[in-house]
Amino acid sequence: MVTEGPAGGREDAAQDLERELSKLFGRARSVSLSLAARVHPGLDGASYALLLHLSDIGPVRAADVVERTGLDKSTVSRQIARLEELDLVERVADPSDGRARLVQLTVTGASRLDEIRSHRRAQLRAQLGQWSTGDIREFSRLLGKLNLDL
C-alpha cells in the first residue's frame, strides 16, 4: 500500500475518485444504451457490451466468451441467441474442429458497429478538444492502470 501525506488527504482523494467514477459509470451506461439502440432498436446494453467484446476478439467459441468475460454460461448463451435474432452475430463451423461452432459478427453487425464506433470516436475527439495530447495519454495510462487493478 502506498501512503502519501496525511491520512485524511488520501481518504479525501479516494472519496473524490469514487464519486467521479460513479458519475462516469452512470454516464457510460447511458451512452451504452443510446449506442445499443443505434445499432439495433431491440439491442439492450448488456448484449451491446458482448457485441463489442466479440468484435474485439473475433470468431470465438461461446465457452471462451464465458471464460474471458467471467459471465455465467446461461447469460452468455442468452445474449448470443439475442444477437443472432437481431442478425448481429452468427455461428459458423470452427475450421480447426468441425464439431465446434464459433460466434462472429455478421456483415450487418460489423457494419453497424463500425458506424457507431466512428461516430463515438468523433464525439470523443470533440469532447476532448481542449485537452492536451499529454493529458489524454496520461488519462489513458491511468485508466489502463485502474483496469489492471480491478
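All of the points below concern the structure found in this document. (Residues numbered from 1 in each chain as written. Predicted model: local features only at pLDDT ≥ 70, side-chain atom pairs only at ≥ 80, totals over all residues. Heavy atoms only, no water.)

Describing the overall build of the chain
- Of regular secondary structure, the chain possesses 6 helices and 2 strands.
- The helix and strand sequence of the chain, counted from the amino end, reads α-α-α-α-β-β-α-α.
- For 150 residues, the compact-globule estimate of 2.2 N^0.38 gives 15 Å, and the chain exceeds it by more than 25% at 19 Å.
- When the backbone C-alpha atoms are referred to their principal axes, the chain occupies close to 60 × 35 × 25 Å.
- Expressed as a percentage of the 150 residues in the chain, the buried residues total 21%.
- Contacts in the chain between residues at least 24 apart in sequence constitute 47% of all its contacts with a sequence separation of at least 6.
- Total accessible area computed for the chain in this model is approximately 10400 Å², and 53% of it derives from carbon and sulfur atoms. (Helix = DSSP H or I, 4+ residues; strand = E, 2+ residues; numbered from the N terminus. Rg over C-alpha atoms; globule rule 2.2 N^0.38 Å. Buried < 20%, exposed > 50% of the residue type's maximum accessible area, 1.4 Å probe, protein only. Contact = heavy atoms within 4.5 Å. Areas by Shrake-Rupley, 256 points an atom, 1.4 Å probe, with all protein chains shown as cover.)

Here's the deal with the pattern of salt bridges
- Here the structure, examined in full by the defined rule, presents 9 salt bridges.
- Of the charged contacts in the structure, one is a salt bridge between Asp94 and Arg61, with a shortest N-O distance of 3.0 Å. Remark: Arg61 occurs in the loop between helix H2 (45-57) and helix H3 (62-69) and Asp94 occurs in strand E1 (residues 89-94); sequence separation between them is 33 residues.
- Here Arg91 ties to Glu84 by a salt bridge, and the two come within 3.2 Å at their closest N and O atoms.
- The exposure class of Arg91 is partly exposed, given its relative accessible area of 32%.
- Of the residues examined, Glu84 reaches a relative accessible area of 30% and is grouped as partly exposed.
- In the salt-bridge network here, residues are joined through shared partners; they are Arg61, Asp94, Asp97 and Arg99. (Salt bridge = Lys/Arg side-chain N within 4 Å of Asp/Glu carboxyl O.)

Brief notes about the nonpolar core
- Of all hydrophobic cores here, the largest spans 20 residues; its most connected members are Val39, Leu43, Tyr48, Leu51, Leu54, Leu83 and Val89.
- Elements that contribute at least two residues to this core include exactly helix H1 (7-39), H2, helix H4 (73-85), strand E2 (97-105) and helix H5 (107-127).
- Considering every element that reaches this core, the biggest residue donor is H2, with 4 residues.
- Apart from residues lying up to four places away in sequence, Leu83 is in contact with Leu43, Ser47, Leu50, Leu51, Leu54, Leu88 and Val89. (Core = buried A, V, L, I, M, F, W, Y, C linked by side-chain atoms within 4.5 Å.)

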